[in-house]
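# Results of the structural survey
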Amino acid sequence: MVFLEKVYENAMMIELKNLGLKVVQQKPIKVSYQDRIIGEYYADLIIENKVICELKSIVELSEIHEAQLLNYLKATDIEVGVLLNFGQKPEYVRKVYTKEYK
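Residues numbered from 1 in each chain as written. Predicted model: local features only at pLDDT ≥ 70, side-chain atom pairs only at ≥ 80, totals over all residues. Heavy atoms only, no water.

Under the annotation held in an unreviewed UniProt entry, the chain carries the name GxxExxY protein and is attributed to Salinivirga cyanobacteriivorans.

## Remarks on the overall build of the chain
Put simply, the rule reads: For the purposes of this entry, the term helix denotes a DSSP run of H or I that reaches at least four residues, the term strand denotes a run of E that reaches at least two, and both are numbered from the N terminus. The cut-offs for exposure are 20% and 50% of the maximum accessible area for each residue type, with area from a 1.4 Å probe on protein chains only; residues under the lower value are buried, those over the upper are exposed, and the others partly exposed. Whether two residues touch is decided by their heavy atoms; if any such pair falls within 4.5 Å, the residues are in contact.
Broken down by element type, the chain carries 2 helices and 5 strands. Each helix and strand of the chain, ordered N terminal to C terminal, gives the series α-β-β-β-α-β-β. When the backbone C-alpha atoms are referred to their principal axes, the chain occupies close to 45 × 30 × 25 Å. Looking at the chain residue by residue over its 102 residues, the buried ones come to 29%. Taking the contacts inside the chain whose residues are at least 6 apart along the sequence as the reference set, 48% of them involve residues at least 24 apart.

## So, the nonpolar core
Spelled out, the test is: Only buried Ala, Val, Leu, Ile, Met, Phe, Trp, Tyr and Cys residues count toward a nonpolar core, and they belong to the same one when joined by side-chain atoms within 4.5 Å.
Formed by I29, A43, I46, I52, L61, L69, Y72, L73, I78, L83, V93 and Y97, the largest nonpolar core amounts to 12 residues. Only β2 (36–47) and α2 (63–74) provide two or more residues apiece to this core. Grouped together as the second largest cluster of nonpolar side chains are 8 residues, M13, L16, V23 and C53 included.

## A closer look at α2
Since one α-helical turn is 3.6 residues long, residues separated by three or four positions face the same way. As a reminder, the rule being used: Take the residue count of a helix, subtract one, and multiply by 1.5 Å to get its expected span. Directions pointing from the helix axis toward each C-beta atom define the arc.
Between its terminal C-alpha atoms α2 stretches 16 Å, which fits the 16 Å expected from 12 residues at 1.5 Å a residue. Of the positions making up α2, those classed as buried are H65, L69, Y72 and L73. Buried residues in α2, looked at end-on, bunch into an arc of 100°, giving them a common side. Seen from the open side of α2, the exposed residues pointing more than 90 degrees away from its buried face are E63 and I64. In this fold, the buried residues of α2 make contact with β1 (23–33), β2, β3 (51–56), β4 (80–85) and β5 (91–96).

## Some remarks on the packing of aromatic side chains
The following threshold applies: Planes of paired rings set the category: under 30 degrees apart is stacked, over 60 is edge-to-face and the rest tilted, where pairs are Phe, Tyr or Trp rings (Trp by its six-membered ring) whose centres lie within 6.5 Å.
Tallied over the entire structure, the rule returns 3 aromatic pairs. Ring geometry for F3 against Y8: centres 6.0 Å apart, planes inclined by 65°, an arrangement best described as edge-to-face. An aromatic cluster is defined as three or more aromatic residues linked by ring pairs; in this entry it consists of F3, Y8 and F86.

Written out as structure tokens, the structure reads:
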């Protein structure tokens, strides 16, 4: 049985907090250009202010989902991101975007 993304997000939040980790759900990520805010994203989960976790519940991941996570990493000081798909075939992708490229 596959649930909506929000169900998995809430369950992950509970489990990560049970492990004693600091987790923020639906944290806004502001994108700026020339000191002006030009866009805003919402990260599903930010863990210990070190990992962005983007959750999906779809048939399969595509490049657009990986690009979304990469954009989150580019717009923050966070260098590690994880994309988790809880669809029919569970999948994951790990992305690293180091500060030297920001």
